[in-house]
Amino acid sequence: MDRRIFRKKLMTLVLPIAFQQFMLAVVSASDALMVGTIEQDLLSAVSLASQLTFVYNLFLAALTIGTSMFAAQYWGKGDRTSIEKTLAIALRTSTAVSIVFFAGTTFAPEMLMRIFTSDPVLIGHGAVYLRIVGVNYLMCGVSQIYLCIMKNSGFAARSMAIGSTTALLNIVLNAVLIYGLFGAPRMEAAGAAAATSISRAVELLWVLFELGRKDRIKIRIRFFLHPDRALRRDFWRYTLPVLGNELVWGGGFTMYSVIMGHLGTDAVAANSISNIVKNLVVSFALGLGNGGAIIVGNELGAGRLETAREYGGRLCRISIVSGICSGAFLLLISPAVLAVTDLSPQAAEYLKWMLVMCSYYMVGKYVNATTISGIFCAGGNSGFGFLCDTITLWCFTVPAGFLAAFVFRWPVLAVYFIVNLDEIVKLPAVYRNYKKYIWLKDLTTGSEEKKR
């Protein structure tokens, strides 16, 4: 097997997607860090309010993974029409979900903030942020699904250009609107929300422009109004476990924020910064998982199962090395992170040790992102992640975290250690599932047989 072909696919798919993920993480970091230079409470409030966006992104993640499962395999098979049918099915759901989140954040932001904190100051700042950022959901429901289709249809670099450029615009607008530069009003937390919504509007307009080009996958109204029943059944058969997995994992991750959010503003601030750093470093893992799913999915759709198996093995080896290197890199930059953050002495002490714990977390995250969200889903083995996260998070880390924080009253760092064990605990089960090779499956065959 020619290694040059694999390296080319790795460069043209994984690196653009990883860079786009990095830019999205930078946007989240700039939101929190810029408002954090004004006041620690603003940092904490924006971080907690962003948990709603995190939950929304879980639904989008499930839909994009489900879309990618079929789009990658149909692209490998050369079936553009089925990709357009898949796009329509995903857009129907993303639109409905976006409307629900828009309504909640626009009309009941205080109620939503009370889920994460009882501090009235944090609730007030967070509600201001949510009221403005709500419109963002309506636009993301279209743009993110179509950017996923572009990644799976030979335009990963263009998708990266759109996502990264609008992310850079978001960062610039953050500075202008948060601090009131160049004559703009000083909006603080509201400025971060406004910058996000404006940049998403630009992203949507750019996506609509790309959609109009003659060589792009199209949104067909007839497929949107009258979806292919056989394909829809297959789509939801494999996507619902992904949605369950995302909600189980995301719900558990959100509970971590709830736990830390009730341990004091110093714990919230330190946890916010550690999550920002973690998300920045882990962006390549997400690119490896998303790009790996496309690489493996293309081979499965084309019927080249042995090639898909070999590619899966190479991706796993890359994920282990990348995880170790990323953990070491995180430790290396920890002094710089502590130097540039304006935290109280207690919050800074928490952050120092939280970053140490994040370093070993990286190995598990890289391996699990590549296998569970990438390789396994490429071949429709989407139920494993749901089962694995249900047991790991809801039978172990979340209950243990609650007991440690609210029953045994353990120190903040001990609680943080417990809630960061989930990615490590999964590894033995992930390895066993990988070696069964259940994921070596062509998903397009079933849909074609039903159409005959």
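In short, a report on the structure.

Reading the values: rules and limits
- Residues numbered from 1 in each chain as written.
- Predicted model: local features only at pLDDT ≥ 70, side-chain atom pairs only at ≥ 80, totals over all residues.
- Heavy atoms only, no water.
- Helix = DSSP H or I, 4+ residues; strand = E, 2+ residues; numbered from the N terminus.
- Rg over C-alpha atoms; globule rule 2.2 N^0.38 Å.
- Areas by Shrake-Rupley, 256 points an atom, 1.4 Å probe, with all protein chains shown as cover.
- Lys, Arg positive; Asp, Glu negative; His and termini not counted.
- Charge placed at Lys NZ, Arg CZ, Asp CG, Glu CD.
- Phe/Tyr/Trp six-rings, centres within 6.5 Å; stacked < 30°, edge-to-face > 60°.
- Buried < 20%, exposed > 50% of the residue type's maximum accessible area, 1.4 Å probe, protein only.
- Lys NZ or Arg CZ within 6 Å of the ring centre and 35° of its normal.
- Salt bridge = Lys/Arg side-chain N within 4 Å of Asp/Glu carboxyl O.
- Expected span 1.5 Å × (residues − 1).
- Polar contact = N/O pair within 3.5 Å; in protein donor to acceptor, adjacent residues only side chain to side chain.
- Patch = residues over 30% accessible without salt bridge, like charges linked within 9 Å, V, L, I, M, F, W, Y side chains within 5 Å.
- Axes fitted to C-alpha atoms, helices over the stretch in contact; angles between N-to-C directions.
- Parallel < 35°, antiparallel > 145°, perpendicular 65-115°, else oblique.
- Left-handed = near helix turned anticlockwise from the far one by under 90°.
- Core = buried A, V, L, I, M, F, W, Y, C linked by side-chain atoms within 4.5 Å.
- Contact = heavy atoms within 4.5 Å.
- Bend = angle between axes of the 7 residues up to and from the residue.
- Disulfide = S-S within 2.5 Å.

**As for the overall build of the protein**
Part 1 of the reasoning: Along the backbone of the protein there are 18 helices and zero strands.
Part 2 of the reasoning: The C-alpha atoms of the protein give a radius of gyration of 21 Å, which matches the 22 Å a tight globule of 452 residues would have.
Part 3 of the reasoning: In terms of overall dimensions, the protein has a C-alpha envelope of 65 × 50 × 40 Å along the principal axes.
Part 4 of the reasoning: On the protein, roughly 18,000 Å² of surface is accessible, and the fraction owed to carbon and sulfur atoms is 67%.
Part 5 of the reasoning: Treating the 41 positive side-chain charges of the protein as one cloud and the 27 negative ones as another, the clouds have centres 9 Å apart.

**Topic: the packing of aromatic side chains**
Geometry of an aromatic ring pair is reported as the spacing of the ring centres plus the angle between the planes.
Part 1 of the reasoning: Using the criterion set out here, one finds 19 aromatic pairs in the structure.
Part 2 of the reasoning: Ring plane angle 65 degrees and centroid distance 5.3 Å describe the contact between Y56 and F101, whose orientation is recorded as edge-to-face. With Y56 in helix α2 (residues 40-77) and F101 in helix α3 (residues 80-107), this residue pair connects regions lying 45 residues apart in the sequence. Like Y56, the residue F101 is buried in the burial classification.
Part 3 of the reasoning: Where F235 meets W236, the ring centres are 5.2 Å apart and the plane angle is 90 degrees; that geometry is what we call edge-to-face.
Part 4 of the reasoning: By relative accessible area, F235 is classed as buried at 0%.
Part 5 of the reasoning: An aromatic cluster is built from F70, Y74, F235, W236 and Y238, whose rings are joined through pairwise contacts.
Part 6 of the reasoning: Positioned above the aromatic ring of F223, the side-chain terminus of R222 is 4.5 Å from the ring centre.

**Quick notes on the pattern of salt bridges**
Side-chain pairing between opposite charges can occur once the charged atoms of the two side chains come close.
Part 1 of the reasoning: Enumeration over the complete set of coordinates arrives at 18 salt bridges.
Part 2 of the reasoning: A salt bridge links E188 to R186; its shortest N-O distance comes to 3.3 Å.
Part 3 of the reasoning: Exposure remark for E188: the relative accessible area of 27% places this residue in the partly exposed category.
Part 4 of the reasoning: Two residues, K352 and E349, come together in a salt bridge whose shortest N-O distance is 3.6 Å. With K352 and E349 both in helix α14 (residues 345-378), this residue pair falls three residues apart, about one helical turn.

**Notes on α3**
An α-helical turn contains 3.6 residues, so a residue and the one three or four places further along point in the same direction.
Part 1 of the reasoning: Over its 28 residues, α3 runs 40 Å from end to end, which matches the ideal 40 Å to within 8%, given 1.5 Å per residue.
Part 2 of the reasoning: The distance from a side-chain oxygen at the start of α3 to the backbone nitrogen of T81 is 3.4 Å, and the residue carrying that oxygen is D79.

**Side note on a positive patch on the surface**
Part 1 of the reasoning: Residues R92, R229, R232 and R233 make up a contiguous surface patch of positive charge.
Part 2 of the reasoning: Top contributing element to the positive patch by residue count: helix α10 (residues 229-261), with three residues.
Part 3 of the reasoning: Following the sequence through the fold, R233 ends up in helix α10.

**Let's talk about the packing of α10 against helix α15 (residues 383-407)**
Part 1 of the reasoning: At a minimum axis distance of 8 Å, the contact between α10 and α15 shows a crossing angle of 15 degrees. With respect to their mutual orientation, α10 and α15 come out roughly parallel. Our pair here, α10 against α15, has a crossing hand that is left-handed.

**Here's the deal with the nonpolar core**
Part 1 of the reasoning: Of all hydrophobic cores here, the largest spans 62 residues; its most connected members are M69, F70 and Y129.
Part 2 of the reasoning: The leading source of residues in this core is α2, at 15 residues.
Part 3 of the reasoning: In this structure Y129 touches D31, V46, A49, S50, A189, A192, A193 and T196, once residues within four positions along its chain are discounted.

**Here's the deal with helix α17 (residues 422-436)**
Part 1 of the reasoning: With 15 residues, α17 extends 22 Å between its outermost C-alpha atoms, agreeing within 8% with the 21 Å of an ideal straight helix rising 1.5 Å per residue.
Part 2 of the reasoning: When the local axis directions of α17 are compared, the greatest deviation, roughly 35 degrees, occurs at P428.
Part 3 of the reasoning: For α17, the complete set of buried residues consists of D422, E423, K426, V430, N433 and Y434.
Part 4 of the reasoning: Following α17 by one or two positions, Y437 adopts a phi angle in the positive range, close to 60 degrees.

**Concerning the environment of K365**
Part 1 of the reasoning: Looking at where K365 falls in the secondary structure, it is placed in helix α14.
Part 2 of the reasoning: Accessibility expressed as a relative area gives 12% for K365, which makes it buried.
Part 3 of the reasoning: In the structure, K365 is positioned 13 residues away from A378 in sequence and 18 Å away in space, judged by C-alpha atoms.
Part 4 of the reasoning: Those residues in contact with K365 that lie beyond four places of it in its chain are W249, V282, A285 and E423.

**Overview of the side chain of S274**
Part 1 of the reasoning: Considering the arrangement of structural elements, one finds S274 in helix α11 (residues 265-281).
Part 2 of the reasoning: A polar side-chain atom of S274 sits 2.9 Å from the main-chain carbonyl oxygen of N271.
Part 3 of the reasoning: In this structure, S274 is in contact with L351, M354, L355, C358 and Y416, ignoring residues within four places of it in sequence.

**Quick notes on the state of the cysteines**
Part 1 of the reasoning: Enumeration according to the criterion identifies zero disulfides in this entry.
Part 2 of the reasoning: Of all cysteine sulfurs, the one in C148 lies closest to C140, which takes part in no disulfide; the gap is 14 Å.
Part 3 of the reasoning: The buried category is assigned to C140, whose relative accessible area is 2%.
Part 4 of the reasoning: The structure places no disulfide on C358, whose sulfur is separated from the nearest cysteine sulfur, that of C325, by 17 Å.

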